[in-house]
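Chains, contacts and geometry: an overview
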Amino acid sequence: MILTVASLKGGVGKTTTAIHLAAYLQTLAPTLLVDNDPNKSATGWQARSENGLPFRVVDVNQSLKVGRDYEHVVFDTKARPDKGELQTLAEGCDLMVIPTTPDAMSIEALMATVEMLKGLGVGQFKVLITIIPPYPERDGEDARAMLDANGYPLFASGIREAKVFKQASLRGMIVNQLKGQRAEICWQDYVRVGEELVA
Ligand code: ADP
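Summarised in this report is the structure supplied together with it. As the structure is a computational prediction, the values presented were derived from the model and not from experiment.

Reading guide: rules and limits
Residues numbered from 1 in each chain as written. Predicted model: local features only at pLDDT ≥ 70, side-chain atom pairs only at ≥ 80, totals over all residues. Heavy atoms only, no water. Salt bridge = Lys/Arg side-chain N within 4 Å of Asp/Glu carboxyl O. Helix = DSSP H or I, 4+ residues; strand = E, 2+ residues; numbered from the N terminus. Buried < 20%, exposed > 50% of the residue type's maximum accessible area, 1.4 Å probe, protein only. Pairing = 2+ DSSP bridges. Right-handed = clockwise from strand over helix to strand, strands pointing away. Axes fitted to C-alpha atoms, helices over the stretch in contact; angles between N-to-C directions.

Counted by the stated rule, this structure contains 9 salt bridges. K40 is the partner of D59 in a salt bridge, and the nearest nitrogen-oxygen pair spans 3.1 Å. Of this pair, D59 sits in strand β3 (residues 56-59) while K40 sits in the loop between β2 (31-36) and α2 (41-48), and the two are 19 residues apart along the sequence. What makes D59 partly exposed here is its relative accessible area of 21%. Among the ionic pairs, R138 bridges to D142, the shortest N-O distance being 3.8 Å.

Let us now look at the pairing of strand β6 (residues 125-129). Of all 5 residues that make up β6, 4 are buried, and the element is covered over most of its length. Bridge analysis of strand β5 (residues 95-100) against β6 gives 5 bridges, and the strand direction is parallel. Bridge pairing in β6 links P99 to L128. Following the backbone out of β5, through helix α5 (residues 104-119) and into the adjacent parallel β6, one traces a crossover that is right-handed.

Here we come to the sheet that holds β3. In spatial order, the strands read β3-β2-β4-β1-β5-β6; together these 6 strands make up an open sheet with parallel pairing. Edge positions in the open sheet fall to β3 and β6, since each of these has one partner strand only. Averaged over all pairs of adjacent strands, the angle between strand axes in this sheet comes to 25°, irrespective of strand direction. By the bridge criterion, 4 bridges tie strand β1 (residues 2-5) to strand β4 (residues 72-77) in an arrangement that is parallel.

A few words now on the environment of T113. Here T113 lies in helix α5. Along the primary structure T113 and Q167 are separated by 54 residues, whereas in three dimensions their C-alpha atoms are 29 Å apart.

Here you go:
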């Protein structure tokens, strides 16, 4: 499977999602993460890792040669692609995963992305709600209801807001490599999304 994680806004958990979905897919079959974000966030994540990540990370320039050895490939991409870039990204994958946080500005950027994709005739995309604030805040549910009502293809599960994701990023780790129940609960958020992907 070739997955591309893309968004028209920064800070929505794009790289965190690419890293954790690659980690999930790696539990099933050899998985490659291609860092196609000029910020090189995924490459930096790997560089901070003491014991390495459970999957290989390569630059997009290396990906064609290396990619043939892998069952799954996850592309991290630059934030705010223009229409032409979005089209080539969509054409280069089986599914585009579009993360959004449940706040008005991100949702607006998401809607712009989806309208662009629809205008391009791209149908193979799915929206992932990320960094969902904890109960009693209702932002996650409200965003889901709104996106659902507008007919947006959504992952049934979302990703909660949790400090462990920041810790994992700082230490170049996957949340399931961190100790504690909280880290495991957060890993399961991405496992559920991964299960939806391969279902
Ligand atoms: P993007 O690639 O969209 O810019 P990142 O994955 O780099 O987003 O995440 C942006 C910031 O939010 C980072 O500091 C990251 O650690 C943090 N973050 C990502 N996902 C979560 C989450 N589920 N809960 C809390 N913080 C998160």
